[in-house]
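Architecture and fold: a report
One letter stands for each residue in the lines below.
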Number of protein chains: 2
Amino acid sequence: MKRELSIVKIGGNVIENSSELNNFLRLFSALDTHKILVHGGGKKATEIGQKLGIKSKMIEGRRITDAGSLDVALMVYAGLVNKKIVGTLQAMDCNALGLSGADANLVQAYKRPVTKVDFGLVGDISGVNASALKNFLEMGMVPVFCALTHDQKGQMLNTNADTIAAELAIALSSNYKVTLYYCFEKQGVLMDKDDEQSVIPDINWTSYQQLITDRIITDGMLPKMENSFRALKSKVARVCIGNISMLESGKSLYTTLSL
Amino acid sequence: MKRELSIVKIGGNVIENSSELNNFLRLFSALDTHKILVHGGGKKATEIGQKLGIKSKMIEGRRITDAGSLDVALMVYAGLVNKKIVGTLQAMDCNALGLSGADANLVQAYKRPVTKVDFGLVGDISGVNASALKNFLEMGMVPVFCALTHDQKGQMLNTNADTIAAELAIALSSNYKVTLYYCFEKQGVLMDKDDEQSVIPDINWTSYQQLITDRIITDGMLPKMENSFRALKSKVARVCIGNISMLESGKSLYTTLSL
């Protein structure tokens, strides 16, 4: 039987609040499966960028990554945030190993082709070095990824953390029974966005289509849902969406996706 | 017979000059032994710190690391500098893995005890996880260390890069025939500090004592020499001091230390 692997993605809402982050890291370190953490960045990068005189450009609500913004991402995501998480996990007896996609060539990407918009130094993933990751996991290590990849030609690239988590899950699903957890600020996918209690506990591919038609699931949630179903269609065992308390066993409400 | 391992330390003078850094990385990636890179930080941290309104305090010519300075070190050393080096090495087919001492608990330290001076968040090394490092090396990976360690209680610490390189060399010397290279701006240890050509090709423990007595080796060089001889006394095979061209086989002048 395949061994279990939990891949957990956290975003800015967890990272920016140090007590929330500590709560999360305690729950994460207590998971008794193999595990991988993927973290986004949050507002700290914007704040540091502003102090350094580097403005973050947005087009259609999406961040454009120029050379200056990439430097800020390297500093804040790969440096400050990643190493603080690694240090904290180590203190919790969780043998964290901080990584970007360039390290050990773990996540390869190419610069997103320019169509209407040039997103700049943004990478779309072309490959995952699953065998190196498997070795790390078998050595008892806990990979902690920031959302940066590389093009194998010396260029680091900014990559969406949800997508990295999904691609890692897919790449490792032939070796492990993978559960992919997307932690965000809500308790799950909501029936009514103004009612925090209206969590939809289960969504399958058919009900997902209906929820889109009914405009229950709209723009903001679509990329996460697409990543989730792509993962499920690629042999990832389970995808869960909710806030950090979904890592506590059998306690909280969250959304589980299936095909 | 033990396999060869080269541990190379570079400082600010190499990192701050991008063409020098590329030249170095080309030489480093061409070394046909197992290898580890340890890099310091340089002026970039001071520059970033100033822009962020964080001043670096100095006492007796040594940097004091307060919480703000440590954040800058995490950003610049563990983030910006480390990942750019890793990305560049990957493009040179060198399977770099960027690391701090917290990652995989590789370099453990404790906050330097306060005597006359409180250096702040500065770590003295208490242990090296040689078995994890050996696994990385046997997997064909090339560890790239920034000069940060951790206290295993969640605190990252600033640690001298020369000392990290020496401690890694010592810890791995029972498994490998280790050569420790200290790259700096000069061609080697100089007989006359104003004459770049006056490199002393060989120094042993006896001649070292004489060079101190004769005031040829003075304050600035002493810590590097102490690290070197400590390494040699702990079974490190060879220590070389010079500029980056000492990595080219059989070409340049540099200083070789022995007992």
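As recorded by an unreviewed UniProt entry, chain A carries the name Acetylglutamate kinase and is attributed to Lentiprolixibacter aurantiacus. Quoted verbatim from the Subcellular location (unreviewed entry) field of the UniProt record, the comment on chain A reads "Cytoplasm".

Describing the pairing of strand β1 (residues 3-10) of chain A
Across a regular strand the side chains alternate sides, sitting on one face of the sheet and then on the other. Residue and element names in this part refer to chain A. A large share of β1 lies buried, amounting to six of its eight residues. Bridge count between β1 and strand β2 (residues 34-39): six bridges; the pairing is parallel. Paired with K9 across the strands is V38, a residue of β2.

With respect to the interface of chain A and chain B
With 37 residues of chain A at the contact, the number on the chain B side is 37 residues. Overall, the association of chain A and chain B removes approximately 2,900 Å² of surface from exposure, summing both partners, and the carbon and sulfur fraction of that is 70%. Summed over the three residues of chain A that lose the most area to chain B, namely L52, M75 and K83 of chain A, the buried surface amounts to 19% of that side. Taken together, chain A and chain B are joined by four salt bridges. Residue K83 of chain A pairs with D103 of chain B through a salt bridge whose shortest N-O separation is 2.8 Å. Those elements giving two or more residues to the side of chain A that touches chain B turn out to be α3 (43-51), α4 (67-91), β5 (96-99) and α5 (130-138) of chain A. A total of 14 residues in the side of chain A that touches chain B trace back to one element, the largest contributor, which is α4 of chain A. Taken together, the residues of the side of chain A that touches chain B sort by class into 19 nonpolar, twelve polar and six charged.

A short note on the packing of helix α6 (residues 161-172) of chain B against helix α8 (residues 222-233) of chain B
For any two helices packed against each other, one specifies the inter-axial angle together with the distance between the axes. All names here are of chain B. Between α6 and α8, the shortest axis-to-axis distance is 9 Å and the interhelical angle comes to 5 degrees. Here α8 runs roughly parallel to α6, going by the angle between their axes. On α8, the residues that touch D162, T163, A166, E167 and I170 of α6 are K224, N227, R230 and A231.

Looking at the nonpolar core
With 91 residues, the main nonpolar core has F136 of chain A together with F136 of chain B as its most contacted residues. No other element matches the eight residues that α6 of chain B contributes to this core.

With respect to the relation of the copies chain A and chain B
With an RMSD of 0.0 Å, chain A superimposes on chain B once it is rotated by 180 degrees and translated 0.0 Å along the axis. Overall, the copies show the geometry of a two-fold rotation axis. A high fraction, 100%, of the interface residues of chain A reappear at the interface in chain B, so the copies pair face to face through one surface.

About the thresholds
Residues numbered from 1 in each chain as written. Chains lettered and ligands numbered in written order. Predicted model: local features only at pLDDT ≥ 70, side-chain atom pairs only at ≥ 80, totals over all residues. Heavy atoms only, no water. UniProt positions renumbered as here; feature names shortened; annotations may be inferred. Buried < 20%, exposed > 50% of the residue type's maximum accessible area, 1.4 Å probe, protein only. Helix = DSSP H or I, 4+ residues; strand = E, 2+ residues; numbered from the N terminus. Pairing = 2+ DSSP bridges. Contact = heavy atoms within 4.5 Å. Buried area = accessible area lost by both parts, 1.4 Å probe. Salt bridge = Lys/Arg side-chain N within 4 Å of Asp/Glu carboxyl O. Nonpolar A, V, L, I, M, F, W, Y, C, P; charged D, E, K, R; others polar. Axes fitted to C-alpha atoms, helices over the stretch in contact; angles between N-to-C directions. Parallel < 35°, antiparallel > 145°, perpendicular 65-115°, else oblique. Core = buried A, V, L, I, M, F, W, Y, C linked by side-chain atoms within 4.5 Å. Least-squares fit on C-alpha atoms with pLDDT ≥ 70 in both.

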